[in-house]
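# Topology and contacts: notes
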Amino acid sequence: MLGAVGNGLFFRRQANKGARFATWLIWLGWGGAVAGLIGTAMNSAEEPVAGLRGDALSWVMATLILFVSGIVHQFSIRYLAGDRNYHLYFILLSGITSSALLMVLADHLGLLLAGWGISNLLLVRLMIHKTGWRAAYQSGLLALQVLFVGFFFLAIAFGILTTTFGTTSIQALLHTDLSTVDPNALISALLIITLAAMTQSALLPFHRWLTSSLNSPTPVSALMHAGLVNGGGFLLVRFAPLFLAQHGLLYVLFTVGVITAVVGTCWKLIQPDVKRMLACSTMGQMGFMVMQCGLGLFPAAVAHLCWHGLFKAFLFLSAGAVLQEKRRPIEERTSSLTVFLLACLGGLSGAYGFALVSEKPFLAGNTTAVLIGFAFIATTQVAQTILASGRLGSRLIPAVGLAFVSGCLYGASVHLIETLLQPLGISGPQPLNSLHLTALGLMGLIWLSMNLKPLAALQATRFWAYLYVLALNGSQPDPATTTPTRTTYQF
C-alpha cells in the first residue's frame, strides 16, 4: 500500500523511479512475509490484530503473492516502458497486491470480503489496460460480470455464517462446536462458498471469463493466473475444517474438480496459440487443486497451488520467447509397449519416493491413494521422456533414478506444507469409494490413450473427430473479446 500511495503522490513526473520505488517495497514486504512464516513455524500461537491474523496459511499465501508480485513488478519496469498508462499501471499493480494480502491475512469476514472484491475490481481495471481497445474492454466486462456473481455469492455466504455462528471472526467460527450449529444453514453457506470459489478459479461452468482474458498485458496475465485465480482454492482451504465435517460437500468438490481438470487439460492440447493454451492449462490445474480439496487433502492442494503459481507465472512471462523459437515438426507422442512398461518401473519408484518422503503409506486405503496414483502417472512421464530419447539399456537406470528423485521432491513439498499447516487441522483423508476409483480410472484411461499406439488409433475414428470439434468449439473465447481485424487495434 505504501508503494501504491507513495508512487501516486510523489512520482507523477518520474514514472520509472516510482515503478522502482514500488518494486523495492514489494521485495521488502516479501522479506517480511518470509520472516512471518518462519516465526509462525516456530510459534504457531498468534493473536489477531485489528481483524488480521498471521497463521501458517496466511503467511504461506502472503509469501507466494509477494514473490510473484515482485517478479511481475520487476518484469513490468521494462516491458511497459513507453506505455502511456505506465504510472497508473504500477499504482494499480501495487494496489492489487495489497488487496490480495488483505484477503489472505483477514480474520474478519468483512475484511476478507473487502479484499476479495477490491482485488477483483483492480484486476478488471488492469485487464482493460488499453481502454480504447474494444476487445480488452469486453474481456474486462465479462470478467466483471462473472466475478461480481462470485462476490455476491460470498457476501450471502458470509451473512449466513455470521447469523449462524454469531461471530464475524474466522478463527472463532472455525473452532465452534458444530453440534450447536444449524446444519442446514451451515451446508447452505458452504455450498454458496463453493460457488464463489468456482467463479474465482474459473471452474466449469464459470470458465469463460478466464479463456477470454488474454487481451491483458502479459505481466497482468501472469499475476492473474499465478495469484488471483488461486483465490478460489485459498477460500476452500480457509474454511477446510467446516468442509471436512460435511462429506457430501467433499464429493461435490471432487466431482467438479475432476470434470474441470479433464476438460481443461484436453482443451489445452488443441489450442493454436500459447496464451490460450496456458489459460486452458490454468483451468485444468485449478480443477486438479479443487479435486485434492475434495479428497480431504487440503495441504496437498495448497502445495499444488504454490507450485502452479510459480510455474504459471514463469510460463506467461516467457511466452513472448515462443515467437522467436524455431518451429520444429510435431513429434509422435506415443511409445512402444516395451518403453511404456519400462517407464512404469520409473513411475513405481517415483510413487514410492513420494510416499516415503511425504510419510504416507504406499498402499493407502484412503484418498491418499489417489494422490499417489497421480504421482505414479507424473513420474512415469518423466521416465518415459528419458527412455524415448536414446538406447533403453543405457537410459533405464537414469530414468528410474530421476523418476524417484522427482517423486521425492514432490513428496517433500507436500510434507513441508502439511507440517506448516498442521496446527490448523485441515488434513482429513477420506475413505476410498467407487467415485474416487472411477475418476482415477477415467483419468488413467485418458493418460494411456495419449501414450500407447493401439489406443492412439482412436484418433482416426469419426467419434474422435466429433470430440475434437466439440472441444475446439467449447474452448473458444467470447467472440466480443477477440480482434478479428487489425484495423480495430490502434496501439
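The structure displayed is predicted, hence computed values, not measured ones.

Within the protein chain, the regular secondary structure consists of 21 helices and zero strands. Against the globule reference of 23 Å for 491 residues, the protein chain gives a C-alpha radius of gyration of 23 Å, in line with a compact fold. Each principal axis of the C-alpha distribution contributes one length, and for the protein chain these read about 65 × 65 × 40 Å. Looking at the protein chain as a whole, 53% of its 491 residues qualify as buried. Within the protein chain, contacts between residues at least 6 apart in sequence are counted, and of these 78% link residues at least 24 apart. As displayed, the protein chain offers around 22,200 Å² of accessible surface, 68% of which is attributable to carbon and sulfur atoms.

For Thr194, the position within the fold is in helix α8 (residues 183–200). A residue is classified by how much of its surface remains accessible, and Thr194, at 6% relative accessible area, is buried. A polar side-chain atom of Thr194 sits 2.8 Å from the main-chain carbonyl oxygen of Leu190. Ignoring any residue separated from it by four or fewer positions in sequence, one finds Thr194 in contact with Leu236, Phe243 and Leu253.

Okay, the packing of helix α11 (residues 231–238) against helix α15 (residues 298–317) next. Where α11 contacts α15, the two axes come as close as 10 Å, and the packing angle between them is 155°. Here α11 is positioned roughly antiparallel relative to α15, judged by the angle of their axes. α15 is crossed by α11, and the crossing has left-handed handedness. In this structure, α11 contributes Gly233, Phe234, Leu236 and Val237 to the contact, and α15 contributes Phe298, Val302 and Leu305. Residues belonging to the contact of α11 with α15 are distributed by class as follows: six nonpolar, one polar and no charged.

Mapped onto the fold, His87 is located in helix α4 (residues 86–105). Relative accessible area serves as the criterion here: at 17%, His87 is assigned to the buried category. When near neighbours in sequence (up to four residues on either side) are disregarded, His87 contacts Asn7, Gly8, Phe11, Arg12 and Ala15.

Quick look at unusual backbone geometry now. With the exception of glycine, the majority of residues adopt a negative phi angle, and the majority of peptide bonds are in the trans configuration. Here the amide bond leading from Leu204 into Pro205 is cis, since omega sits at 0°, within 30 degrees of zero. As for its placement among the helices and strands, Pro205 is situated in the loop between α8 and α9 (208–211). Despite not being glycine, Ala202 has its phi angle at roughly 60°, a positive value. For Ala202, the location among the structural elements is in the loop between α8 and α9. Looking at Ala202, the relative accessible area reads 0%, which means it is buried.

What counts, and where the lines are drawn
- Residues numbered from 1 in each chain as written.
- Predicted model: local features only at pLDDT ≥ 70, side-chain atom pairs only at ≥ 80, totals over all residues.
- Heavy atoms only, no water.
- Helix = DSSP H or I, 4+ residues; strand = E, 2+ residues; numbered from the N terminus.
- Rg over C-alpha atoms; globule rule 2.2 N^0.38 Å.
- Buried < 20%, exposed > 50% of the residue type's maximum accessible area, 1.4 Å probe, protein only.
- Contact = heavy atoms within 4.5 Å.
- Areas by Shrake-Rupley, 256 points an atom, 1.4 Å probe, with all protein chains shown as cover.
- Polar contact = N/O pair within 3.5 Å; in protein donor to acceptor, adjacent residues only side chain to side chain.
- Axes fitted to C-alpha atoms, helices over the stretch in contact; angles between N-to-C directions.
- Parallel < 35°, antiparallel > 145°, perpendicular 65-115°, else oblique.
- Left-handed = near helix turned anticlockwise from the far one by under 90°.
- Nonpolar A, V, L, I, M, F, W, Y, C, P; charged D, E, K, R; others polar.

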